[in-house]
Each structure stands twice: as C-alpha cells, then as structure tokens.
Amino acid sequence: MLAVEFRNVTKKFKQVVIAQEMNLRIREGRFSVIFGAPGAGKSTLLRLITGLDKPDQGEIFLRGVDVGKVSAADRNIGYVPQSFALYPHYSVFDNIAYPLRLMGVRKQDCVPVVEQVARQLQITHLLKKKPDQCSGGEKQRVAIARGIVKDTKIFILDDPLTGLDFKLRERLFDDLRQMREDLGATFIYTTSDPLESLILAEDIHVLDAGKIVESGETDALYAHPQHVRTMELLGFPNTNVFPGTLDDGTRVASQGLRFALAASGSAAKAGDVRIAVRPQNIRINPEFRDGLLVVPADVTLVEDLGGELHVYLEVEKTPLEALIPNAGIESLTEGKATIGIQPGDLKVYSASTGQFIGQGVA
Amino acid sequence: MNRARGWRKTAYHVLLWVIALIFFAPILWIIMGAFKTTDGILAVPPQFVFVPTLDNFVDLFNRPNVLRYLGNSILMSSASVGIAIVVAFLAAYAFSRFKPRGTSFLMFMLLSIRMVPAVAVVIPVSLMYSALQWKDTYFGMIMIYAMFSIPFSVWILKGFVDGVSQRYDETALINGGSRWHIIFRVILPQVAPGLVAAFIFNLIFVWNEFLFSLILGGRDTTSIPVSFSTDLYSDGGVDWTFTASMATVYMIPPILSILFFQKYLLVGMTFGTVRGEV
C-alpha cells in the first residue's frame, strides 16, 4: 500500500508554478526522504500532504483515501516542524501532550504516553521545564517527541535537524531510525543535505524545480541515478556535471575527454548531452593509467579534510572537484597535474530531459 | 581614562536628574497642594514644609458628583479600550496571517485616521451622534473611544503577531486545533506584552481625553477631565483645593496600572513594531 500518492498535482502561488504535475508514490512503512536543493518545493510538497495547502490541480491520496476535501486536522498526521515551534507558555510535558489534548485525551491519560515517548528520546528529566530552559538539541528532541506522540501511521519531519551540530545530528539519526522501526509507521523527511538523505533514507524522492525527477531505494538511486539532478545533488561533494556532445549515438566528446558510450537503451540520439562524474572517481596523477581516460588539468585549490583531500581542478576552463585519500598523494599543490577517470564512471544524460542515456566504456 | 569616564557619567546622571525634576515639579506641586489648605497652596514663596491635611479629599468625595465622574472615567476608558483590544487583536491576526488584498493600504489608512486632528472630526461626529441620539450615553461614548483606540492597537498588535512564527499556527492546525484555538490559546499568550502595552497606551489616551467628552458627553457621562472645566470655579475664583485633590486622585489609576503591568509594558515597548513607535 502507498502511504502517500500524488497524481499530477499542480500548485501555483500568484501565477508562479511551485509544483508542476507532480507524481509521487511513497511506500508505507518506509523511511522516505524528500531530497532537493533549497527552493525545490519541499515545503510546498509537505504543505500539500498535511493539508495546509490545497492543490490547484490533481489528486492526493493518503493510504488510499482521496484527501482533496479532508482538512489538515482530519488527516491524522504526526508533524515535526522545521523550527522547533515549541509553545513557550507550555511546559515540555504540555508541549508533548499537545496533540493528544487536542484530540480530547484527558490530561491524566496523557501521562503514560508522554512519559513513554520522553523515555524513548531520553528527555524525561525535562518534562517540567519550559522550552526556553532547554538547549537546542533538547528542544529538537521535544519537538520530535511532540511529533510522534500521536497514534498514527504517517509522520512528517520537515528538515528537523537543520542548524544542529553534527554530533547531535548523528545521535538523532540513530534515534529517528530506531523510532521508525519501533512505530512501524511511514516517516516522510525533507532535507537538502545529501549526507542526511543517504544516512537516513530507505527510499529517496528527488525533487527539483517542483517536480519529482526520480524515486527509488537509496542504494540503487546512488549507484545508478537515472536523472542528471539526482546524480548532481545526491552525494558529497556535489557531482561534477559538464556539457558535451554525442556523435552518431556512440561517441561522446567534451573538454578534452573523448570516450565511447554504452547506451542504456536504444534512445541515444546525437546531440547535446550532460556528462557527470563523481569527485570520488577522479584520480590525480595516477600511477597506473591502463584503461583510464587521462587529461591534463590545473589544480586551483587543495583543501585538507583530514582523511581526504578536496581538490578543485580546471580542465580546459571547466571546473571540476575531486575527493582523494589524503595518504594517496604526497605534497599535492596548486599547478599542473593529470587526472584519470575510468570510462565506466562517466555517466551521460540527455541535455534536454535530464534522463540517463548511458555510460562510458573503454 | 577611567576617572574621566566616571566624571562624564556622573555629570550625565546629574543632568538627567535635573531635567526629570524640572518636568516632575508641576506634578509635585499639585500633589503637595492636595494636602495643603488654600492659603498654603497660594503661599509665596511656596511652602515645602507644612502640616499635611486630608480635608481636601474629604471635601472632594463629599461633593455630589465626584464619584460619578470617577466611575464614568473608569467605565468608559476600561470598556472602550477592552472592546478595542479584542477587535484590534482579531484584526491584527487577520492582517498578519491572511494578508487580505490591500493590507498595506489598509494599515496605512489605519495610521492616517489616527493622525486626523480631533477638532476636524468632532463636529460631524457630533451631528451624527445627535441624529442617532447617542449623545450623553455610555454606549455612544464607549463606541467613540473604542473607535479611536482600534487603529493604534491594530498597528501595535500586528507587529507582535507578525513576530510569532506561522509554524505555531501550522503545528496547531495539523494537530486538530481550530482557528479560535490558535488565536486564543497559541498566539494570545505569546503576544500578552503587546496586549498590555496597547491596553495601557489607549487607557491613558481615553483617560485623558477632553474634547469629545465635552462635545458628545453631558450630565450623565461627564468624565474627570471635563469635570475640571465644570467644577473648577467656585466663589468667584479657581477652586485650588478641588483642582489639586482631584488631579491627585486622577493620576492614581494610570500610575497603578503602569506599576502593575510594568514588566509587560517594558517588554511591549521593546518588541514588535512598537520598538520604532514609542
């Protein structure tokens, strides 16, 4: 069963199209991440699911039910907003109990439920405090506790870890994954952080310019992205994407690189293409060049990340980024270098549709 | 260096005290006058050491209409400002959250209304009140003061409501809260300082209002400011003991309300749009 389904949903604000004939299928009982760059339309998508906004066209189904005429209150969704939005005039206990109280649960009946959720998130000691007496991480836990206290099947978390330091986020990653397993519910989580998406998600839905460009299980989506925006955005650092041309459907040329194409289908037509290669797949001054495409490059900047070097390059004025093991290269400095790429690591996408065409072969 | 800074600070404080005392002197004079005899009030040079008497207050409250004046002022100011705050809060919420078409123009108009000189309005309003037979009625007086208090209150309160993130509304809506629940249980507690600030600013305005009270009011609705003009003279001269004791009593409610709500008022004056206006 699908937890959420969008069928050709369009949403405009003052003639500006925010969501364009969007189709989305979120599987039930999965940790689904809606991933997209800032401004891609994540908040609009969530507002449409929660019922805070209505679509101009199209249909939205929650667990198989058309919710076109169902109000936000009646959709029974657990919600963790982006900013904590904890009510400052309520105690932590009252904040967590808030959704239950609105459902008409008596205060004494809320106590065991709130205490159980508080134990789960290790915030029992905060229950009597006011939100302004809590630290940022504690507030976030309280906000998550309030979001999951309801007995429901769909939980929405709107970029809830933004602004928290990495250690705290790491701890909350574990908590969130564990909570989803315990609750057996669908978690819909939005973020613009590729690492967060890859760590948390079972399924990822890539949103770009108001459209879901690709959906799939995390590993498959990372390994075989079928859309250039997925390839470009889902990974750290962002994937290198640069223009090229496809001659007669078999050979690709771009900025000093020339390679044969193994087309994924029969649709490879001559014309402009986008070529993508992950920074991890670029080697600098490789010792063994067998099977590699080798081109000269200029190293413009080297950032030492400890275990890795983040290298900024230029190949015939096209900027590229590479991520290489720190131990792999001795005294890499700005200046001339050569880079090597396995042809199979070069993915080719249509310049017009962004769809995957094929990848390089030796 | 430190000594120079210390000197400058001391001089600054002395200057502030001198200015404060200059402005406070007339108030001190009238309060001291309330505890003096007529001769004591008019003595030259002024007496700073004297035997205080409460006779002026006994006389004041033995006058037939004084309690009615006081009651009228309290009733008209608290009722009109109370109504204004409720209406203004709802309007501020609507302007802030629903942003109806022409919000900026409407907000500008609200502020403009407040800038129209009272004398330009008082005659047409008086004619309207005569036609409606609202002159010298509590309803009529409360309505006119509420009308005057609403625009400024909307301005203050919209700034406060704007300062409360819409995420609070959305969290409540998704969890099943109604708009009324959001307005009164979610937003109102967070804008309480603004409500108190708006209430006190308007209370002081209505409490001090003279012109409309004189023109639209009458025997039944005489307020304290008007009573100064009607009861000021006796035996062919200014009744200084009445003036001093009435003025002293007149000052008590606003001072008490400011003292009582000082905490909120200070927050109110440094928050939302009030920051630029006070």
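All values derive from a computational prediction rather than experimental measurement.

> How should I be thinking about the overall build of chain B in this particular structure?
Within chain B, the regular secondary structure consists of 15 helices and two strands. Taken over the C-alpha atoms alone, chain B extends approximately 70 × 70 × 35 Å along its principal axes. Residues classed as buried in chain B amount to 41% of the 278 residues present. Sequence-distant contacts in chain B: of pairs separated by 6 or more residues, those separated by 24 or more amount to 74%. Entry remark: accessible area of chain B is about 15,400 Å², with carbon and sulfur atoms responsible for 71%.

> Honestly, the sheet that holds strand β6 (residues 77-80) of chain A in this entry has me stumped. Any pointers?
Across a sheet, strands are paired by hydrogen bonds formed along the backbone, either parallel or antiparallel in direction. All names here are of chain A. The strand order across the open sheet built from six strands is β6-β7-β8-β3-β9-β10, with neighbouring strands paired in mixed fashion. One side of each edge strand has no neighbouring strand; the edge strands of this open sheet are β6 and β10 (211-217). When the angles between neighbouring strand axes are averaged without regard to direction, this sheet yields 20 degrees. Two elements, β6 and strand β7 (residues 154-158), share four bridges in a ladder whose sense is parallel. Across the sheet, residue Y79 finds its bridge partner in β7, namely I156. Across the sheet, helix α5 (residues 166-183) touches β3 (31-36), β7 and β8 (186-191), and the angle it forms with β8 is around 155 degrees.

> So what exactly am I meant to see when it comes to the environment of B:G217 here?
All names here are of chain B. With respect to the helices and strands, G217 occurs in the loop between α11 (211-216) and α12 (224-230). The exposure class assigned to G217 is buried, which follows from its relative accessible area of 16%. Sequence separation between G217 and K135 is 82 residues; the distance between their C-alpha atoms is 6.0 Å. For G217, the residues in contact, after removing those within four places along its chain, are D136, M141 and F212.

> Explanation requested: the interface of chain B and chain A in the structure shown.
Reports of interface size often rely on the accessible area that becomes lost once the parts have come together. Residue-level contacts link 16 residues of chain B with 22 residues of chain A. Three residues stand out in chain B for area buried against chain A, namely B:R167, B:I174 and B:N175, and they jointly supply 43% of the buried area on that side. At the junction of chain B and chain A, the tally comes to two salt bridges. A salt bridge links B:R167 to A:D158; the nearest nitrogen and oxygen atoms lie 3.4 Å apart.

> I keep staring at the state of the cysteines and nothing clicks. Help me out?
Chemically, a disulfide is nothing more than a covalent bond linking the sulfur atoms of two cysteines. Residues and elements named next belong to chain A. Evaluated as defined, the whole model comprises zero disulfides over all chains. The thiol of C110 is unpaired, and the distance to the nearest cysteine sulfur, on C134, comes to 19 Å. Taking relative accessible area as the criterion, C110 reaches 0% and is therefore assigned buried. Among the residues examined, C134 registers a relative accessible area of 8% and is labelled buried.

> Would you take a moment to explain the nonpolar core for this structure?
Nonpolar side chains in soluble globular proteins tend to be buried together. The biggest cluster of nonpolar side chains holds 68 residues, and the ones touching the most others in it are A:V4, A:F6, A:L45, A:I49, A:I188 and B:I187. A total of eleven residues in this core trace back to one element, the largest contributor, which is helix α7 (residues 138-162) of chain B. Those residues in contact with B:I187 that sit more than four places away from it in its chain are B:F89, B:Y93, B:R97, B:V161, B:V164, B:D169 and B:I182. One finds A:C110, A:A118, A:F155 and A:F173 within the second-largest nonpolar core, a separate group that totals 45 residues.

> Help me understand the sheet that holds strand β20 (residues 347-350) of chain A, please; the structure alone is not making it clear to me.
Strand order in the closed barrel formed by six strands is β11-β12-β13-β21-β20-β14 (chain A), and the pairing between neighbours is antiparallel. Direction aside, the axes of adjacent strands within the sheet are offset by 40 degrees on average.

> Explanation requested: the domain arrangement of chain A in the structure shown.
Residue and element names in this part refer to chain A. Domains assigned within chain A are domain 1 (2-227) and domain 2 (237-361). The C-alpha-based centres of domain 1 and domain 2 are spaced at 37 Å. At the interface, five residues of domain 1 touch seven residues of domain 2. Both sides of the domain 1 and domain 2 interface together cover about 610 Å² of buried area, and 38% of this is carbon and sulfur. Contact with domain 2 buries area across many residues of domain 1, yet Y222, Q226 and H227 alone supply 69% of it, more than any other trio. Where domain 1 meets domain 2, there are zero salt bridges. A per-class count over the side of domain 1 that touches domain 2 returns three nonpolar, two polar and no charged.

> Where do I start with the pattern of salt bridges in this structure?
Side chains that differ in sign of charge can pair as their charged atoms come close. Overall, the coordinates contain 25 salt bridges over all chains when judged by the stated rule. Among the ionic pairs, A:K336 bridges to A:D298, the shortest N-O distance being 3.1 Å. A residue pair is termed long-range when its members are at least 10 positions apart, and A:K336 in strand β19 (residues 335-341) and A:D298 in strand β16 (residues 293-304) qualify at 38 residues. Residue classification places A:K336 among the exposed positions, given a relative accessible area of 73%. When the shortest N-O distance is used, the salt bridge between B:R167 and B:E170 registers 3.8 Å. Placement of the pair is B:R167 and B:E170 together in helix α8 (residues 166-174), with a separation of three residues, close to one helical turn. The network of salt bridges with shared partners includes A:R47, A:D53, A:D158, B:R167 and B:E170.

> I tried to follow unusual backbone geometry on my own but got confused; where do I start?
Leave glycine aside and you will find that most residues have negative phi; peptide bonds, for their part, are mostly trans. Cis geometry is found at the peptide bond from A:F236 to A:P237, where omega equals -10 degrees. Here A:P237 shows up in the loop between α8 (228-233) and β11 (240-247). Looking along the chain, the bond that leaves B:V44 and enters B:P45 is cis, with omega of -5 degrees. Inspection of the secondary structure assignment puts B:P45 in the loop between α2 (38-42) and α3 (55-62). A positive phi angle is found at A:E316, which is not glycine, with a value near 45 degrees. Its place among the elements puts A:E316 in the loop between β17 (308-315) and β18 (318-325).

> Mind showing me how you'd approach the packing of aromatic side chains here?
In this description, an aromatic ring pair is defined by two values, namely the gap between the centres and the angle between the planes. This model, assessed by the stated rule, comprises 22 aromatic pairs over all chains. For the ring pair B:F35 and B:F57, a centre distance of 5.2 Å and an interplane angle of 50 degrees mean the geometry is tilted. Highlighted residues: B:F35 in the loop between α1 (2-34) and α2 and B:F57 in helix α3, separated in sequence by 22 residues. According to the relative accessible area criterion, B:F35 is partly exposed, its value standing at 26%. With relative accessibility at 14%, the residue B:F57 sits in the buried group. Aromatic side chains B:F260 and B:F261 sit 5.0 Å apart centroid to centroid with 80 degrees between the ring planes, which places their arrangement in the edge-to-face category. Residue placement shows A:R278 over the ring face of A:Y222; its charged tip is 3.9 Å from the ring centre. Stacked on the ring of B:F50, the Lys or Arg B:K36 has its end atom at 5.0 Å from the ring centre.

Thresholds applied
- Residues numbered from 1 in each chain as written.
- Chains lettered and ligands numbered in written order.
- Predicted model: local features only at pLDDT ≥ 70, side-chain atom pairs only at ≥ 80, totals over all residues.
- Heavy atoms only, no water.
- Helix = DSSP H or I, 4+ residues; strand = E, 2+ residues; numbered from the N terminus.
- Buried < 20%, exposed > 50% of the residue type's maximum accessible area, 1.4 Å probe, protein only.
- Contact = heavy atoms within 4.5 Å.
- Areas by Shrake-Rupley, 256 points an atom, 1.4 Å probe, with all protein chains shown as cover.
- Pairing = 2+ DSSP bridges.
- Axes fitted to C-alpha atoms, helices over the stretch in contact; angles between N-to-C directions.
- Buried area = accessible area lost by both parts, 1.4 Å probe.
- Salt bridge = Lys/Arg side-chain N within 4 Å of Asp/Glu carboxyl O.
- Disulfide = S-S within 2.5 Å.
- Core = buried A, V, L, I, M, F, W, Y, C linked by side-chain atoms within 4.5 Å.
- Domains from an automatic or database assignment.
- Nonpolar A, V, L, I, M, F, W, Y, C, P; charged D, E, K, R; others polar.
- Phe/Tyr/Trp six-rings, centres within 6.5 Å; stacked < 30°, edge-to-face > 60°.
- Lys NZ or Arg CZ within 6 Å of the ring centre and 35° of its normal.

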